[in-house]
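Spelled out from the first residue to the last, the chains are:
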Amino acid sequence: MPNTLYDALFAPHAGSDKTFLVLKDGRRLGYGAFLDMAGRFAHAIAAAGVKPGDRVALQAKKSAEALAVYAACVQGGFVFLPLNTAYTPAEVEYFVSDAGARLLICDGAGAAALSPVAEKAGAALRTLDADGSGTLADAAAAQPAAFPVAERGPDDLAAFLYTSGTTGRSKGAMLTHDNLLSNAEALVGEWRFTGDDVLLHALPIFHTHGLFVATNVILLCGGAMIFLPGLDVDDLIRFMPQATTMMGVPTFYTRLLSDPRLDRALVSHMRLFVSGSAPLLAETHVEFERRTGQRILERYGMTETNMNTSNPYDGERRAGTVGLPLPGVSIRICDPETGREVAAGEIGVIEVKGRNVFKGYWNMPEKTKEEFRTDGYFITGDLAQMDGDGYVTIVGRAKDLIISGGYNIYPKEVEMLLDEQPGVLESAVVGVPHPDLGEGVVAVVTAKKGASLDPEALLAGIRDRLARFKQPRHVAIVDELPRNTMGKVQKNVLRDRYRDVFAR
Ligand code: MCA
Ligand code: AMP
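Fair warning: this is a prediction, and the values are worked out from it, not measured in the lab.

Criteria and thresholds
- Residues numbered from 1 in each chain as written.
- Chains lettered and ligands numbered in written order.
- Predicted model: local features only at pLDDT ≥ 70, side-chain atom pairs only at ≥ 80, totals over all residues.
- Heavy atoms only, no water.
- Helix = DSSP H or I, 4+ residues; strand = E, 2+ residues; numbered from the N terminus.
- Rg over C-alpha atoms; globule rule 2.2 N^0.38 Å.
- Buried < 20%, exposed > 50% of the residue type's maximum accessible area, 1.4 Å probe, protein only.
- Contact = heavy atoms within 4.5 Å.
- Areas by Shrake-Rupley, 256 points an atom, 1.4 Å probe, with all protein chains shown as cover.
- Lys, Arg positive; Asp, Glu negative; His and termini not counted.
- Charge placed at Lys NZ, Arg CZ, Asp CG, Glu CD.
- Pairing = 2+ DSSP bridges.
- Axes fitted to C-alpha atoms, helices over the stretch in contact; angles between N-to-C directions.
- Arc of directions from axis to C-beta.
- Near = heavy atom within 4 Å.
- Polar contact = N/O pair within 3.5 Å; in protein donor to acceptor, adjacent residues only side chain to side chain.
- 1 Å grid on protein atoms, 1.4 Å probe; cavity = no way out; pocket = protein on both sides within 12 Å on 5 of 7 lines; lining within 4 Å.
- Points joined across faces, edges and corners; volume = space filled by probe spheres on them.
- Nonpolar A, V, L, I, M, F, W, Y, C, P; charged D, E, K, R; others polar.
- Salt bridge = Lys/Arg side-chain N within 4 Å of Asp/Glu carboxyl O.

**Q** What is the right way to look at the overall build of the protein in this model?
**A** Looking only at helices and strands, one finds 16 helices and 25 strands in the protein. For 504 residues, the compact-globule estimate of 2.2 N^0.38 gives 23 Å, and the protein sits close to it at 23 Å. Dimensions of the protein, computed from C-alpha atoms along their principal axes, come out at roughly 65 × 55 × 50 Å. Going through the 504 residues of the protein one by one, you find that 58% of them count as buried. Pairs at least 24 residues apart make up 66% of the contacts formed inside the protein by residues separated by at least 6 positions. For the protein, the computed accessible surface area is about 20,100 Å², with 51% contributed by carbon and sulfur atoms. Side-chain charges of the protein comprise 52 positive and 61 negative groups, with the mean position of each set lying 1 Å from the other.

So this is what it looks like as structure tokens:
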């Protein structure tokens, strides 16, 4: 049966004993063994009542087995819904019920808290631990490795990835087989990936960067990944000699730079370092080149669009820019109000069109409509300028968004929870420079008349409902919030006022 993504990414490797994954303990997993595991998982998922088109939510630690669940979903025609492991059960409940997931797979340790969530949503619950054990693995063990590949065309859904919204309500971005395949093809070509590549992979696999950019590129070219559980600079340095390429968010590069072991000799054999998900400071780019002789290649993307632009592999990699539109991706910079394209060099909002652009937000036709122009361009909310050579420089965001260590945080979501705390009149949440994470979260809160507020108590009040990475790292209690003449809170004033709270 034809299956767009399976046929391109997985089927060519059937039966191959070539290494796909090198794990932290040095174990190697061949492509054939990985696909056999995926086939068994596909049986176990189907046995839980999941049919093609149904959503399968996964909140589990990074492991070869967790990645095999992704492969199993593509093979079985199930829609893969990966979730950040930092999400609290309250957050997971929203995703599972909004997506109508038929199955929730979680860590064994999280099963007690998530069992009522699954039950309420009418989803089956299975577990998968970091060591590959759990009830899903148990159910898969007795199954055959072969699983019939479900028929899926280019426009069929492959995955849902939730992105937060400016209203505080997360939206499920629906990604098709062709969205993912077209982008992997563009990146393999532009970044010259081949079956000889070994990618140092320390990113999480529940986001576009670690899953679709890194993993799909390696699957498509038939290379290997050194598959590490997370960012540990000792591991990066230990495995670097075995790798040819690395992808990371800017924090990967600033942490490597703060280690004296990073030098030319360590990385002279590497052919490519890629950065994305958050702005790479030009000074990081320059400092990395000074220390290592390597010019980091910065690219720009979004969950809804996969990758849009990239600095060139062979041409000039310009620090502070995100490069040129990828092949097959059409980019224009428009006036946010009128939607008219601005002249070269002027600032506007980035709009994108191409096979990479998602199908819309799940169950939100109105929201989807708002974010597309009538001629099919998607409005990203990123402010940028494009120079005469086509290089794009991101200068800010029209959306109220904080990016901390590559994770997105929508202030509205945090503000809504703070505003519910006893004694709180109102709050404003902003991102300010953070030396390790790029931006750190600051909450500025005012009290109701007669109430007194304690920052610790406020944080304790939101702890169970908000993933740790979204929680403010600095809370300021003030008498009033600065407002403009229209009465709107001036977040730029707050960003300025608190810009040094995380300074080293
Ligand atoms: C962890 N913590 C964080 C973050 N990560 N706080 C704020 N922002 C973060 N990003 C907190 C934890 O809650 C914990 O808090 C403490 O930091 C240590 O946790 P740990 O897990 O040890 O942190 P870490 O290993 O140092 O992780 C930092 C990290 C990680 C390596 C920057 O966040 C990461 O891998 N980020 C990559 C995210 C990513 O892949 N983004 C792509 C999405 P406490 O100690 O208080 O409990 S964007 C995307 O896909 C688009 C399409 C694109 O363009 O790529
Ligand atoms: P997400 O919603 O998690 O997919 O995050 C996408 C957002 O990350 C984009 O809309 C940008 O604001 C930001 N982003 C991704 N790559 C870059 C980059 N190289 N430079 C600046 N911002 C980036």
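**Q** Is there a simple way to explain the sheet that holds strand 13 (residues 297–302) in this structure?
**A** Remark on secondary structure: sheet strands pair via backbone hydrogen bonds, oriented parallel or antiparallel. With mixed pairing, the 9 strands of this open sheet are ordered in space as 2-1-10-9-11-12-13-14-15. Of all strands in the sheet, those bounded by a partner on one side alone are strand 2 (28–30) and strand 15 (324–325). The pairing of strand 9 (residues 198–201) with strand 11 (residues 245–248) spans 2 bridges and is parallel. Bridge pairing in strand 11 places L199 opposite T245. Relative to the sheet, helix 3 (residues 64–76) contacts strand 1 (19–23), strand 2 and strand 10 (224–227), its axis offset from that of strand 1 by approximately 145 degrees.

**Q** Teacher, can you tell me more about helix 12 (residues 282–292) here?
**A** In an α-helix there are 3.6 residues to a turn, and that puts residues three or four apart on one side. Within helix 12, burial applies to T284, H285, F288 and T292. Angularly, the buried residues of helix 12 cover 100 degrees about the axis, an arc narrow enough to put them on a single face. In helix 12, the exposed positions that point more than 90 degrees away from the buried face belong to E283 and R290. Buried residues in helix 12 make contact with helix 10 (250–257), helix 11 (264–267) and strand 12 (272–275). Positive phi appears at G293, one or two residues downstream of helix 12, with a value of about 80 degrees.

**Q** What should I look at first to understand the site of ligand 2 in this one?
**A** If you check the shell around ligand 2, you find 16 residues, and the closest are R299, T303, D382, K399 and N408. Measuring from a nitrogen atom of ligand 2, one finds a backbone N or O atom of S277 at 3.1 Å. Here a nitrogen atom of ligand 2 sits 2.9 Å away from a polar atom, N or O, in the side chain of E298. The fraction of the free accessible surface of ligand 2 (500 Å²) that becomes covered by protein chains is 92%.

**Q** Teacher, can you tell me more about the side chain of H201 here?
**A** Summarising the element assignment, H201 is placed in strand 9. Engagement of the side chain of H201 in a polar contact is seen with the side chain of K62, the distance being 2.8 Å. The contact partners of H201, leaving out residues within four places of it in the chain, are K62, G210, A214, T215, M225, I226, F227 and L228.

**Q** What am I meant to see in the site of ligand 1 here?
**A** Near ligand 1 lie 23 residues; those nearest to it are R255, S277, R299, S404 and R468. A distance of 3.4 Å separates an oxygen atom of ligand 1 from a polar atom in the backbone of G301. Take R468: an N or O atom from its side chain is 2.6 Å from an oxygen atom of ligand 1. Protein chains bury 72% of the 1,000 Å² of accessible surface belonging to ligand 1 in isolation. Among the elements of the structure, helix 8 (208–221), helix 10 and strand 13 are those that each provide at least two residues to the shell around ligand 1.

**Q** Would you mind showing me how to read empty space enclosed by the protein here?
**A** In this approach the atoms are scanned with a rolling probe the size of a water molecule, which exposes any empty space left behind. Summed over all chains, the structure comprises 3 cavities of 30 Å³ or more. The computed volume of the largest cavity comes to approximately 80 Å³. Lining the largest cavity are P82, L83, N84, Y87, F95, L161, Y162, F206, H207 and T303. The space that makes up the second largest cavity amounts to roughly 50 Å³. Together, L58, A60, A66, F80, P82, L83, I205 and F206 line the second largest cavity. In the lining of the second largest cavity, the residues fall into 8 nonpolar, no polar and no charged.

**Q** Explain the pattern of salt bridges to me, please; I cannot follow it from the model alone.
**A** Pairs can form between side chains of opposite charge once their charged atoms are near each other. One pass over the full model with this rule turns up 32 salt bridges. The residue R397 makes a salt bridge to E439 at a minimum N-O spacing of 3.1 Å. With R397 in strand 20 (residues 392–397) and E439 in strand 24 (residues 438–447), this residue pair connects regions lying 42 residues apart in the sequence. Since its relative accessible area comes to 24%, R397 is described here as partly exposed. E439 gets classed as buried once you look at its relative accessible area, which sits at 17%. E415 is the salt-bridge partner of K491, the closest N and O atoms lying 2.6 Å from each other. Here K491 is found in helix 16 (residues 491–497), whereas its partner E415 is found in helix 14 (residues 411–419), with 76 residues between them in sequence. What makes E415 buried here is its relative accessible area of 10%.

**Q** Honestly, the environment of K448 in this entry has me stumped. Any pointers?
**A** On the secondary structure map, K448 appears in the loop between strand 24 and helix 15 (455–462). With 22 residues separating them along the chain, K448 and E426 place their C-alpha atoms 8.2 Å apart. Among residues more than four places away in sequence, those in contact with K448 are G423, V424 and L425.

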